[in-house]
Amino acid sequence: MPLYNRLKEYRARLGVNQQEMGRMAGVSRQTISQIERGDYSPSVTLALKLAKLCGVTVEDIFSYEEDGEHEKQGEK
């Protein structure tokens with residue numbers, strides 16, 4: 001049950017690196033890196049913080065899709 005994200009894209013729009021984003025969100029650079037790679041699903045609180053920092057909704061950054069659903073959408 002993957003959680004996809006566009007955090008790297010939104011972080012780039014802000015012009016900050018992973019270290020700076022982590023500092024702004026109160027987490028480590030490694031946490032930001034793991035979220036961007038899809039290796040870590042953030043807590044609701046952290047997802048809300050990241051969305052607020054980026055000036056968008058949580059849904060703009062994160063999307064949950066059932067297994068195989070992401071591949072199906074790419075075929076459309």
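This section reports on the structure supplied with the text. Residue positions are given per chain, counted from 1 along the sequence in the order it is written. pLDDT decides what is reported in this predicted model: residues at 70 or higher carry local features, side-chain atom pairs at 80 or more are listed and counted, and totals for whole chains, interfaces and linings draw on all residues regardless. The basis for the side-chain values is all heavy atoms of the structure; hydrogens and waters are excluded.

**Considerations on the overall build of the protein chain**
The test is simple: To qualify as a helix, a DSSP run of H or I must reach at least 4 residues; to qualify as a strand, a run of E must reach at least 2; elements of each kind are numbered from the N terminus. For every residue, the accessible area obtained with a 1.4 Å probe (protein chains only) is divided by the maximum for its type, and the residue is called buried under 20%, exposed over 50%, and partly exposed between those limits. The contact definition used throughout considers only heavy atoms, calling two residues in contact when any of these lie within 4.5 Å. Using a 1.4 Å probe, the Shrake-Rupley method yields the accessible areas, and only the shown protein chains count as cover for residues.
Counting secondary structure elements, the protein chain contains six helices and two strands. Reading the helices (α) and strands (β) of the protein chain from amino to carboxyl end gives β-α-α-α-α-α-β-α. Classification of the 76 residues of the protein chain by burial places 29% in the buried group. Considering only contacts within the protein chain whose residues lie at least 6 apart along the sequence, 57% involve residues at least 24 apart. Of the roughly 5100 Å² that the protein chain leaves accessible, carbon and sulfur atoms contribute 49%.

**Description of the side chain of T31**
On the secondary structure map, T31 appears in helix α3 (residues 29–37). Apart from residues lying up to four places away in sequence, T31 is in contact with Y40 and L46.

**Topic: the packing of helix α1 (residues 7–14) against helix α4 (residues 44–54)**
Counted only if it meets this: Here the axes come from fitting lines to C-alpha atoms, over the contacting stretch only for helices, and the angles between their N-to-C directions go from 0 to 180 degrees. Each crossing gets its hand from how the near helix is turned against the far one by less than a right angle, where anticlockwise is left-handed and clockwise is right-handed. Residues were grouped as follows: Ala, Val, Leu, Ile, Met, Phe, Trp, Tyr, Cys and Pro as nonpolar; Asp, Glu, Lys and Arg as charged; and all remaining residues, including Gly, as polar.
Contact geometry for α1 and α4: axes closest at 10 Å, N-to-C directions at 35°. When the axes of α1 and α4 are compared, the crossing they make is left-handed. Of α4, the residues touching α1 (which contributes L7, Y10 and L14) are L50, L53 and C54. A per-class count over the contact of α1 with α4 returns six nonpolar, no polar and no charged.

**So, the nonpolar core**
Counted only if it meets this: What makes a nonpolar core is a set of buried Ala, Val, Leu, Ile, Met, Phe, Trp, Tyr and Cys residues whose side-chain atoms join them at distances within 4.5 Å.
With 14 residues, the main nonpolar core has L7, M21, I35, L50, C54, I61 and F62 as its most contacted residues. Of all elements in the fold, only α1, α2 (18–25), α3 and α4 reach the threshold of two or more residues within this core. Those residues in contact with I35 that sit more than four places away from it in its chain are N5, L7, Y40, P42, L46, L50 and F62.

**Quick look at the packing of α2 against α4**
Just so we agree on the cut-off: Here roughly perpendicular refers to angles of 65 to 115 degrees, roughly parallel to angles under 35, roughly antiparallel to angles over 145, and oblique to all remaining angles.
The geometry of α2 relative to α4 is characterised by a closest axis approach of 10 Å and an angle of 115° between their N-to-C directions. One way to sum up the angle between α2 and α4 is to call them roughly perpendicular. Where α2 crosses over α4, the two elements pack in a sense that is right-handed. Across from M21, M24 and A25 in α2, the residues of α4 making contact are L46, K49, L50, L53 and C54. Its residues placed into classes, the contact of α2 with α4 shows seven nonpolar, no polar and one charged.

**Looking at α2**
To keep it simple, the criterion reads: By construction, the arc corresponds to the directions joining the helix axis to the C-beta atoms. Definition of a polar contact: a pair of N or O atoms within 3.5 Å, with one able to donate and the other able to accept a hydrogen when the atoms are protein atoms, and with sequence-neighbouring residues admitted only if both atoms are side-chain atoms.
Listed as buried for α2 are Q18, M21, G22 and A25. Here the buried residues of α2 occupy an arc of 100° about the axis, which is enough to place them on one side. Next to the buried residues of α2 lie α1, α3 and α4. Measuring from the side-chain oxygen of the N-cap residue of α2 to the backbone nitrogen of Q19 gives 3.0 Å; that N-cap residue is N17.

In short, shape yes, function no, at least from these values alone.
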